[in-house]
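Chain by chain, the residues:
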Amino acid sequence: MPCTIISGGQWGDEGKGKIASYLALRDQPQILCRAGLGPGAGHTVEHNGNTYKLRQIPSGFMNCDAKLLIGAGALINPEVLLGEIEKYSLSDRLRVDSRASVIEQKHIEQDTQQDHLTKVIQSTGSGHGPCLMDRALRTARVVSQVSALQPLTADVATEVNAALERNHCVHVEGTNGFQLSVLYGTYPYTVSKDSTASTFAADIGVGPTRINDVVLVFKTFPTRVGHGPFPHELNDNEHNIQEFGTVTGRKRRVGRFDMDAALQAVRINSATQIALCFMDRIDPNCTGKAFEQLNGEARSFIDQLESMTNVPVTLIGTGPKTTDIIDRTQ
């Protein structure tokens, strides 16, 4: 029963969409699930000359044989979800758990009008926190109560567990990053929900013994958007990296890799593999190369990360495209 979770190890933007899409094409899973928060977490995928900026659907959707599921723990903005379904012609393949919470306009207004959220936390304004607050109060609407979403409803937990019992392959794509977890991150400068592999499993309704692999994604130079602690942050004169948030368009802050923080992320996520993206920032000529052809600095960095965490670096992102990967499992 091969069930793999793809999770972020830093402040988001690690390349989870790229890794999830690559694994969806390599492993050909029968089911691809999206877990985590909601439409405020954007995943970017570059495949076959196209760039996809996805906010609700699984990043591996280009695997046309896979069923696409969104778990009960995710938050659903009907307008965003239905727009992506129409844009990518997914009405026959994508289903949403009927119990998932629905983001309404009032949640977005609350998220964009509260000074604490907009000025202190610098929320994306997607309505996540207010929607989760209503869920905690048991007043939030769920997917089964929205007419436009009713044709898309499913019992995701039942479908996923049944697939695993038949030894089908299931991939679960989480959102945000470990350092943004409301439990383990740089609170209060976090998202409004836990963002670890354990929560992603719960989001789709599977227990911990069902999980075979956790692929934890890091980037060589971590970035974060908004306020909050950022150890080893670099000022603009110390780097030439220009990145902007997929959803907000805000400029990302850039820092040096933190080995101690990576170890904590590995431990709490129970990572079995590490995917390391943006290797071209250490070895500018690494795209298309084999691992043995990476420069000494890149190989030393990987050796240090593996030694510190005792987890193998199995996937190395060498460029923006889905296929720009060194896969050390093959």
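A few points on the structure.

If you walk across this open sheet you meet the ten strands as β9-β7-β5-β2-β10-β1-β11-β14-β15-β16, and the pairing is mixed. Two strands bound the open sheet, and with one partner strand each, they are β9 (153-154) and β16 (325-327). Where strand β11 (residues 213-219) and strand β14 (residues 273-277) come together, five bridges link them in parallel fashion. If you follow Val-217 over to β14, its bridge partner there is Ala-275. Relative to strand β1 (residues 3-8), helix α1 (residues 16-27) is tilted by about 160°, and along the sheet it contacts β1, β2 (31-34), β10 (170-173), β11, β14, β15 (313-317) and β16.

This part covers helix α2 (residues 78-87). Inspection of α2 places Pro-78, Val-80, Leu-81, Glu-84 and Ile-85 among the buried residues, and these make up the whole buried set. On its buried side, α2 packs onto β4 (50-54), β5 (67-70), β6 (75-76), β7 (94-97) and β8 (101-102). Backbone nitrogen of Glu-79 and a side-chain oxygen of the N-cap are separated by 3.0 Å at the start of α2; the cap is Asn-77. Ser-89, located one to two residues past α2, shows a positive phi value of around 55°.

This part is about the environment of Gly-60. Within the fold, Gly-60 resides in the loop between β4 and β5. Gly-60 gets classed as buried once you look at its relative accessible area, which sits at 3%. Separated by 15 residues in sequence, Gly-60 and Val-45 place their C-alpha atoms 8.7 Å apart. The residues touching Gly-60, leaving out its near neighbours within four places in the chain, are Ala-20, Ser-21, Ala-24 and Leu-32.

Now for helix α8 (residues 259-269). Considered for burial, the residues of α8 that qualify are Met-259, Ala-261, Ala-262, Leu-263, Ala-265, Val-266 and Asn-269. The inward-facing, buried residues of α8 contact β1, α7 (197-204), β11, β14 and α9 (296-309). For α8, the N-terminal cap is Asp-258; the gap from its side-chain oxygen to the backbone nitrogen of Asp-260 is 3.1 Å. Note on α8: the residue one or two positions beyond its end, Ser-270, has a positive phi of about 50°.

Joining two cysteines, a disulfide is a covalent bond between their sulfur atoms. Following the criterion strictly, the structure yields zero disulfides and no others. Counting only cysteine sulfurs, Cys-33 is the nearest neighbor of Cys-3, a cysteine outside any disulfide, at a range of 7.4 Å. The thiol sulfur of Cys-277 is not disulfide-bonded, and the nearest other cysteine sulfur, from Cys-286, lies at 11 Å.

Moving on, we come to the pattern of salt bridges. Throughout the structure, instances matching the rule amount to 14 salt bridges. With its nearest N and O atoms 3.1 Å apart, the salt bridge here joins Glu-165 to Arg-210. Highlighted residues: Glu-165 in helix α6 (residues 156-165) and Arg-210 in the loop between α7 and β11, separated in sequence by 45 residues. With relative accessibility at 56%, the residue Glu-165 sits in the exposed group. Taking the shortest distance from any N to any O, the salt bridge between Glu-306 and Arg-328 comes out at 3.1 Å. With a gap of 22 residues between them, Glu-306 in helix α9 and Arg-328 in the segment after β16 connect regions that are remote in the sequence. Assessed through its relative accessible area of 34%, Arg-328 is described here as partly exposed.

The bulk of non-glycine residues show a negative phi, and the bulk of peptide bonds are trans. A cis amide bond links Tyr-187 with the next residue in sequence, Pro-188, at an omega value of 10°. Mapping Pro-188 onto the fold places it in the loop between β10 and α7. A positive phi is found at Asp-13, a non-glycine position, where the angle reads about 60°. You can see Asp-13 is positioned in the loop between β1 and α1. Here Asp-13 falls in the partly exposed class, since its relative accessible area comes to 22%. With phi around 60°, Asn-176 is a residue other than glycine that occupies positive phi space. You can see Asn-176 is positioned in the loop between β10 and α7.

Calculation notes
Residues numbered from 1 in each chain as written. Predicted model: local features only at pLDDT ≥ 70, side-chain atom pairs only at ≥ 80, totals over all residues. Heavy atoms only, no water. Pairing = 2+ DSSP bridges. Helix = DSSP H or I, 4+ residues; strand = E, 2+ residues; numbered from the N terminus. Contact = heavy atoms within 4.5 Å. Axes fitted to C-alpha atoms, helices over the stretch in contact; angles between N-to-C directions. Buried < 20%, exposed > 50% of the residue type's maximum accessible area, 1.4 Å probe, protein only. Polar contact = N/O pair within 3.5 Å; in protein donor to acceptor, adjacent residues only side chain to side chain. Disulfide = S-S within 2.5 Å. Salt bridge = Lys/Arg side-chain N within 4 Å of Asp/Glu carboxyl O.

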